[in-house]
Amino acid sequence: MPVSAEEAARRVDELRARLRDALYRYHVLSDPDISDAEYDELFRELETLERDYPDLRTDDSPTQTVGAVQAGAFAPVRHRVPMLSLDNAFSTEELAAWGRRTERIVGDVPAYVCELKIDGVAVSLQYERGRLVRAATRGDGRVGDDITPNVRTIANVPQRLALDDPPPAFEVRGEIYFPASGFEALNQQMTDEAKQVYANPRNAASGSLRQKDPKVTGSRQLAMLCHSFGLAEGMRFASHSAFLGFCERAGLPVAGQTAIVSTLEEVEAFVAHWAEHRHDLEYEIDGVVVKVDASGLQEELGRTSKAPRWAIAYKYPPEERTTLLKDIQVSIGRTGVATPFAMLEPVLVAGSTVALATLHNQDEVARRDVRPGDTVFVRKAGDVIPEVVGPVLTKRPKRLRRWKFPKACPECGTPLVRPEGESATRCPNTTGCPAQRWGTLVHFAGRGAMDIEHLGEKTVAALIEAGKLHDAADIYRITADDLAALGGYKDRSIANLLGAIEASKQRPLDRLLVGLGIRHVGGTVATLLANRLKSLEAIAAASEEELAGVGGVGPTIAASVAAWFADDGNQDLVRRLVEGGVNTKADGDTGVELPQTLAGMSFVLTGGLDGFTRDEATRAIEDRGGRVASSVSKKTAYVVVGTDPGSKAARATELGVPILDEPAFAALLEQEAAADPEAGVGDE
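Reference entry: report on the structure contained in this document.

What follows is about the overall build of the protein. Counting its regular elements, the protein contains 24 helices and 21 strands. Taken against the 2.2 N^0.38 rule, which gives 26 Å for 684 residues, the C-alpha radius of gyration of the protein at 28 Å falls within 12% of a compact globule. In terms of its C-alpha atoms, the protein occupies a principal-axis envelope of roughly 85 × 75 × 60 Å. Classification of the 684 residues of the protein by burial places 47% in the buried group. Within the protein, counting contacts between residues at least 6 apart in sequence, those at least 24 apart form 68% of the total. For the protein, the exposed surface amounts to about 33200 Å²; the carbon and sulfur share of it is 50%.

With 49 residues, the main nonpolar core has Ile452, Phe565 and Leu577 as its most contacted residues. Those elements that place two or more of their residues in this core are helix H12 (434–445), helix H13 (457–465), helix H15 (491–504), helix H16 (509–515), helix H17 (523–533), helix H18 (536–541), helix H20 (555–566) and helix H21 (568–579). Beyond its immediate stretch of four places on either side in the chain, phenylalanine 565 contacts Leu513, Leu516, Ile518, Leu536, Ile539, Ala540, Gln571 and Val574.

On to empty space enclosed by the protein. With the rule as written, the count across this model stands at 2 cavities of 30 Å³ or more. What the largest cavity holds in volume is close to 70 Å³. Of all the elements in the fold, those that place two or more residues in the lining of the largest cavity are H17 and helix H22 (614–623). With 3 residues, the top contributor of residues to the lining of the largest cavity is H17. Class assignment for the residues of the lining of the largest cavity results in 2 nonpolar, 2 polar and 3 charged.

Now for the pairing of strand E7 (residues 169–177). Counted residue by residue, E7 has 9 buried out of 9 residues, so it is predominantly covered. Both strand E4 (residues 121–128) and E7 contribute to a ladder of 8 bridges, which runs antiparallel. Bridge pairing links valine 123 to glycine 174 in E7. Looking at chain direction, E7 and strand E8 (residues 223–232) are connected through 8 bridges and run antiparallel. Opposite glycine 174, over in E8, you have cysteine 226 as the bridge partner.

On to the state of the cysteines, then. Counted under the stated rule, the structure contains 0 disulfides. Cysteine cysteine 409 remains unbridged, with the sulfur of cysteine 412 as its closest cysteine sulfur at 3.7 Å. On the basis of relative accessible area, cysteine 409 is assigned to the buried category, the value being 4%.

A sheet is described by the order of its strands in space; here 5 strands give the open sequence E2-E11-E10-E3-E9, paired in mixed fashion. Unpaired on one side and paired on the other, strand E2 (88–89) and strand E9 (259–261) mark the two borders of the sheet. In this structure, strand E3 (residues 112–118) lies alongside strand E10 (residues 285–292), joined through 7 bridges in antiparallel fashion. Within E10, the position partnered with isoleucine 118 by the bridge is isoleucine 285. Here helix H8 (residues 240–250) sits on the sheet in contact with E3, E9 and E10, set at roughly 55 degrees to E3.

Turning our attention to the packing of aromatic side chains. If you walk through the whole model with that rule in mind, you get 12 aromatic pairs. Ring plane angle 55 degrees and centroid distance 5.4 Å describe the contact between phenylalanine 237 and phenylalanine 246, whose orientation is recorded as tilted. The exposure classification of phenylalanine 237 matches that of phenylalanine 246, with both residues buried. Ring centres of phenylalanine 444 and tyrosine 476 lie 6.4 Å apart, and the angle between their planes is 80 degrees; on these two criteria the pair is classed as edge-to-face. Taken together, the residues span a long stretch of sequence, with phenylalanine 444 in helix H12 and tyrosine 476 in the loop between H13 and helix H14 (480–484) at a distance of 32 residues. Considered together, phenylalanine 444 and tyrosine 476 belong to a single accessibility category, that of buried residues.

Attention now moves to the packing of H12 against H13. H13 packs onto H12 with a crossing angle of 130 degrees between their chain directions and a minimal axis gap of 10 Å. The pairing of H12 with H13 is recorded here as oblique in orientation. Considering only the axes of H12 and H13, their crossing is right-handed. Two secondary-structure elements touch here, H12 through Arg437, Trp438, Leu441 and Val442 and H13 through Glu457, Val460, Ala461 and Ile464. For the contact of H12 with H13, a count of residues per class yields 6 nonpolar, no polar and 2 charged.

Procedures and definitions
Residues numbered from 1 in each chain as written. Predicted model: local features only at pLDDT ≥ 70, side-chain atom pairs only at ≥ 80, totals over all residues. Heavy atoms only, no water. Helix = DSSP H or I, 4+ residues; strand = E, 2+ residues; numbered from the N terminus. Rg over C-alpha atoms; globule rule 2.2 N^0.38 Å. Buried < 20%, exposed > 50% of the residue type's maximum accessible area, 1.4 Å probe, protein only. Contact = heavy atoms within 4.5 Å. Areas by Shrake-Rupley, 256 points an atom, 1.4 Å probe, with all protein chains shown as cover. Core = buried A, V, L, I, M, F, W, Y, C linked by side-chain atoms within 4.5 Å. 1 Å grid on protein atoms, 1.4 Å probe; cavity = no way out; pocket = protein on both sides within 12 Å on 5 of 7 lines; lining within 4 Å. Points joined across faces, edges and corners; volume = space filled by probe spheres on them. Nonpolar A, V, L, I, M, F, W, Y, C, P; charged D, E, K, R; others polar. Pairing = 2+ DSSP bridges. Disulfide = S-S within 2.5 Å. Axes fitted to C-alpha atoms, helices over the stretch in contact; angles between N-to-C directions. Phe/Tyr/Trp six-rings, centres within 6.5 Å; stacked < 30°, edge-to-face > 60°. Parallel < 35°, antiparallel > 145°, perpendicular 65-115°, else oblique. Left-handed = near helix turned anticlockwise from the far one by under 90°.

In structure tokens:
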């Protein structure tokens, strides 16, 4: 044992480095250089030193990766860069069509990266100067859950990057999965302990990550593979393959089956190979992700509000099974839509036990001609949503009657209606139907909206039955006596719920807009409206034309928003929400709108900027009345050019469109009057 604190510190550093390297070799390279017994000896020596010298103990030490019991619920984490989803292709024809569109925009693509699409839990790891400081789930793409203590227990997630000069901030993204080899063992353990088993490895991974005690997570066999990044301060990767190489050097795990190919034919060959060998892997996959490799081409292709245009997920065909259709029932959603669903004899489909499946709408039931008593094909469309495909006619019992869509709402008895030109049948009793009221309130209190913890489905139902909840504004009038009268609520649970309601008053404006349940207004549209109009009062007062003028908000959405705020009942709801103290201002809104110096001007961004992320530059333009387009035309006011620009810079020169470097762009943002109010008017 060391005889001084200095010697102890040096030995602790040596042991931690050795143990981290051993973990990386074992879990990432599958090439261990020490035995399990040797690893255990080093681990115990480190434990002894940290016990004898407590000042040397750190949170990221290998001895501390199990962590302590986490207090309370998971804290929300707002992603600095949104975690987007991917567009899907379900056939080689759709994959080829994506490839043709890509090459039509940017010309020849010299390289594609093919990655296996792991069926796991999407997570984000944030490192600051090489040290892991936060891990978060994807959530809704903008806000996820803080699961840092649990992720610290995953052996192949490095607590520090293996780099001499790590970037100041680096956010890497990937999938946490449950290896197939340990899945059956875990379920056997759950059975032995009289606990509910997991349906598939993905659910097992998700459930393991959401344990309140990180020691439970640490007892599982979770692992992670990295596939992308959200932020890399002070760095620029020339390609996606360069990013993957950086991950390997940093000690971050990446999939060994990734391939770099030069043609779409090679992409299709990769897809076909792993369709046949998908069950040879230690983790489950549901497809292949194809990405344009070059970063410059990625920037030129850009993205939509939900997905990058430079990547696509090829989804393997879903599995199908047959089972008995026991009954067809109808559920009423929060917007009044009457949706038929199938009650099935439980059957295992694509790794999950399915007992309920969607039948979509009245027309689909008739088209598929499925009847209670049929043997039916059940499919998991996109490996996510179970659906009934159709009957096995050879097994249909004689004289089996057709199923008829009900004429009245099963919840309130109101006659159902089907608006002309729509496929959905609805219950028009928007204020009196208990199913709609319940769904609306659950949605308002949900995590994607006002995130009122403890106000779950059962509590909402109990408060409705007690006559205490009629609409969202009533939530802010709930008292301790109201909750105590429900039964089962003690002082602590009452205080927790009332505290959560009070905290929800400070939710951002976009979350309130989502909670109101306006048709066509999801998270993306709500953010656009909040960022541009700044307050609920301004949105309510805006005309259809003004709403449609917000970038990303078209006439259909604008009409829906305007109609919602024109309704007398909704106006009363908003008034009472304001009286209840709910925030109606956008984040950071001071009540003073920035001068609209860029009003009517169209910008195109290309290349990387040092002082702005792409989202920050876009926001700066839109806040001043301008808009950002994806392609250059003669009506473009300016093209903002950063490092490694794509072909848009050359296109601007060809058309004579003014080009701004970053200092000139920053100066333009600071000006007090528009440089050329006539420039950039019109659509690309």
